[in-house]
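# Understanding the architecture of this molecule
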Amino acid sequence: MSDKDWNKPMVAEKGKMLLEIVAPSRQVVRSERVDEVVAPGSEGEFGILPGHAAFLTTLKSGVLSYREANDWHYLAVDWGYAEVGPNRVIILAEGADRASEIDLEEAKVAKERAEKALQEQLEEHDYEKARVELLRALTRIQVAERHGQK
């Protein structure tokens, strides 16, 4: 998709939703044909279908999936916000990677590094940072293994 395509106005197909997933450095997903979204809300996983009531919520690190017709797509997302309307879902995430974009070996190394750090005597701030890195690595491994790489 060219830069020009990202800037054109989006209009959902009839009976579908618009979906935009944006991370700080890039737009990860932009689709006008989404039938369903399942996201990791901070209060629990939630699903969205066309016509859903509007709401705004926070996201936790986890697996975000969306369906276009019969095709499911999976991403690992790092904390953020979801704005939902009757015909659109906008996700602003601290990080987001499609299954095909995840380097599985790199994610496994990050997991081992975080687990090792958690075994050490850490200050509270450093412990929390290592815990967050472990959660991020586990999510990326899950998405890559189940939905991308084997």
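Everything here concerns the structure above.
The structure displayed is predicted, hence computed values, not measured ones.

### Description of the overall build of the protein
In terms of helices and strands, the protein carries 3 helices and 8 strands. Starting at the N terminus, the α and β elements of the protein follow one another as α-β-β-β-β-β-β-β-β-α-α. For the protein, buried positions account for 39% of its 150 residues. Of all intrachain contacts in the protein linking residues separated by at least 6 positions in sequence, the fraction that spans at least 24 positions is 50%.

### Some thoughts on the packing of helix 2 (residues 104-118) against helix 3 (residues 124-147)
Packing of helix 2 against helix 3 brings their axes to within 8 Å, and their N-to-C directions diverge by 150°. As judged from the angle between their axes, helix 2 and helix 3 are roughly antiparallel. Handedness of the helix 2/helix 3 crossing: left-handed. Residues Leu-104, Glu-106, Ala-107, Lys-108, Ala-110, Lys-111, Ala-114, Glu-115, Ala-117 and Leu-118 of helix 2 pack against Tyr-127, Ala-130, Arg-131, Glu-133, Leu-134, Ala-137, Leu-138, Arg-140, Ile-141, Ala-144 and Glu-145 of helix 3. Here the residues of the contact of helix 2 with helix 3 are counted per class, giving 13 nonpolar, no polar and 8 charged.

### Notes on the pairing of strand 7 (residues 71-85)
Looking along a regular strand, one sees the side chains alternate between the two faces of the sheet. With 5 bridges connecting them, strand 5 (residues 55-59) and strand 7 associate as antiparallel partners. In the sheet register, Thr-57 faces strand 7, and the bridge partner there is Ala-82. Where strand 6 (residues 62-68) meets strand 7, 7 bridges bridge the pair, whose relative direction is antiparallel. Each bridged residue has a counterpart across the sheet, and for Glu-68 the counterpart in strand 7 is Asp-71. Sheet topology note: the strand 7/strand 8 (residues 88-98) ladder contains 10 bridges and is antiparallel. Bridge pairing links Asp-78 to Gly-95 in strand 8.

### Comments concerning the pairing of strand 1 (residues 17-23)
In terms of burial, strand 1 is a largely internal element, 6 of the 7 residues being buried. Examined bridge by bridge, strand 1 and strand 2 (residues 26-34) share 6 bridges and lie antiparallel to one another. Following the sheet pairing, Met-17 is matched in strand 2 by Val-34. The loop that links strand 1 with its antiparallel partner strand 2 comprises 2 residues. Summarising the sheet, strand 1 and strand 8 pair through 5 bridges and their orientation is parallel. Each residue of the ladder has a partner; that of Leu-19, found in strand 8, is Val-89.

### A look at the nonpolar core
Of all hydrophobic cores here, the largest spans 22 residues; its most connected members are Leu-19, Ile-21, Leu-75 and Ile-91. Of all the secondary structure elements, the ones that give two or more residues to this core are strand 1, strand 2, strand 3 (36-41), strand 4 (44-48), strand 6, strand 7 and strand 8. Listed in part, the 9 residues of the second largest apolar core include Val-63, Ala-76, Ile-141 and Val-143.

### Here we look at the packing of aromatic side chains
With the rule as written, the count across this model stands at 2 aromatic pairs. Centroid distance Phe-46 to Phe-55: 5.5 Å. Interplanar angle 75°. Geometry classified as edge-to-face. Relative to Tyr-74, the ring of Trp-72 lies with its centre 6.4 Å away and its plane at 25°, an arrangement referred to as stacked. Given a relative accessible area of 34%, Trp-72 falls into the partly exposed group.

Rules used in this analysis
Residues numbered from 1 in each chain as written. Predicted model: local features only at pLDDT ≥ 70, side-chain atom pairs only at ≥ 80, totals over all residues. Heavy atoms only, no water. Helix = DSSP H or I, 4+ residues; strand = E, 2+ residues; numbered from the N terminus. Buried < 20%, exposed > 50% of the residue type's maximum accessible area, 1.4 Å probe, protein only. Contact = heavy atoms within 4.5 Å. Axes fitted to C-alpha atoms, helices over the stretch in contact; angles between N-to-C directions. Parallel < 35°, antiparallel > 145°, perpendicular 65-115°, else oblique. Left-handed = near helix turned anticlockwise from the far one by under 90°. Nonpolar A, V, L, I, M, F, W, Y, C, P; charged D, E, K, R; others polar. Pairing = 2+ DSSP bridges. Core = buried A, V, L, I, M, F, W, Y, C linked by side-chain atoms within 4.5 Å. Phe/Tyr/Trp six-rings, centres within 6.5 Å; stacked < 30°, edge-to-face > 60°.

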